[in-house]
Amino acid sequence: MIQFAKTLRSFRFAAGGIHWLFRYENNARVHLLAALVVIGVGFWLRISRTDWLWLLLAIALVWTAEMFNTALEKVVDLVSPEYHPLAGQAKDLAAGAVLLTALFAVVVGVLVLGPYVVDVFA
Ligand SMILES: Nc1ncnc2c1ncn2[C@@H]1O[C@H](COP(=O)(O)OP(=O)(O)OP(=O)(O)O)[C@@H](O)[C@H]1O
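What counts and what doesn't
- Residues numbered from 1 in each chain as written.
- Predicted model: local features only at pLDDT ≥ 70, side-chain atom pairs only at ≥ 80, totals over all residues.
- UniProt positions renumbered as here; feature names shortened; annotations may be inferred.
- Helix = DSSP H or I, 4+ residues; strand = E, 2+ residues; numbered from the N terminus.
- Buried ≥ 20, exposed ≤ 12 C-beta atoms within 10 Å, placed from the backbone.
- Contact = placed C-beta atoms within 7 Å.
- Near = placed C-beta within 6 Å.
- Nonpolar A, V, L, I, M, F, W, Y, C, P; charged D, E, K, R; others polar.
- Axes fitted to C-alpha atoms, helices over the stretch in contact; angles between N-to-C directions.
- Parallel < 35°, antiparallel > 145°, perpendicular 65-115°, else oblique.

In the nomenclature of an unreviewed UniProt entry, the protein chain corresponds to Undecaprenol kinase/diacylglycerol kinase (ATP) from the organism Catalinimonas alkaloidigena. In its Subcellular location (unreviewed entry) section, the UniProt entry covering the protein chain states "Cell membrane".

Below you can see the structure in the form of structure tokens.
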């Protein structure tokens, strides 16, 4: 038996998590701004449906990595508030995952938008 009220409650908690991320995490706000700029440029250049998919995939990847990174930071701070090399490594690894997705997003942005920009100025 599916409990729809329970599912709705879970959605509310999840939406609260997304709201919290962009409200309090500086890096997430930077990623949000970058995504809004890229989306605006995408509309301006009238990019194709396939190109939208690549851009949106890249944006979703970065935001997802950012959320897992923030969640991991919280858990690490909870279980290891004092300095510990393992705590540091865990945070560095999670931050590295965000960096990887951000680099991927930059490559996608250049590959997708580059040819349109060249056309505009050709
Ligand atoms: N408990 C700890 N033990 C060892 N090193 C830590 C610890 N906490 C943080 N560090 C080191 O400091 C770095 C920055 O950690 P911090 O928690 O400040 O993350 P941040 O990237 O600045 O994120 P935010 O500003 O959102 O808190 C980590 O990547 C890690 O190298």
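Moving on from the model shown.
Hey, could you run me through the UniProt feature "active site" (unreviewed entry) in the protein chain in this one?
The UniProt feature table records "active site" (unreviewed entry) at Glu-66. With respect to the secondary-structure elements, Glu-66 resides in helix H3 (residues 49-79). Of the residues examined, Glu-66 has 24 C-beta atoms within 10 Å and is grouped as buried. When residues no more than four places from it in sequence are discounted, the contact partners of Glu-66 are Leu-21, Asn-27, Ala-28, His-31 and Val-98.

Help me understand the UniProt feature "binding site: ATP" (unreviewed entry) in the protein chain, please; the structure alone is not making it clear to me.
The UniProt feature table records "binding site: ATP" (unreviewed entry) at Glu-25, Glu-73, Glu-82, Tyr-83, His-84, Lys-91 and Asp-92. The named residues occupy 68 residues along the chain; their greatest pairwise C-alpha distance, 23.2 Å, places them well apart from one another. With respect to the helices and strands, the residue His-84 is situated in the loop between H3 and helix H4 (85-121). Residue classification places His-84 among the exposed positions, given that 12 C-beta atoms sit within 10 Å. For Asp-92, the position within the fold is in helix H4.

How do you make sense of the site of the ligand when you look at a structure like this?
Within the structure, the ligand sits among Glu-25, Glu-73, Ser-80, Tyr-83, His-84, Ala-87, Gly-88, Lys-91, Asp-92 and Ala-95. Among the elements that line the shell around the ligand, the one with the most residues is H4, at five residues. Classifying every residue of the shell around the ligand gives three nonpolar, three polar and four charged.

What's the story with the packing of helix H2 (residues 26-44) against H3 in this structure? I'm lost.
Two packed helices can be described by the angle between their axes and the distance between those axes. One way to put it is that H2 packs onto H3 with a least axis distance of 10 Å and a crossing angle of 175 degrees. Considered as vectors, H2 and H3 are oriented roughly antiparallel to each other. Touching Asn-27, Ala-28, His-31, Ala-35, Val-38 and Gly-42 of H2 are Trp-52, Leu-55, Ile-59, Val-62, Trp-63 and Glu-66, all from H3. Grouping the amino acids of the contact of H2 with H3 by side-chain chemistry returns eight nonpolar, three polar and one charged.

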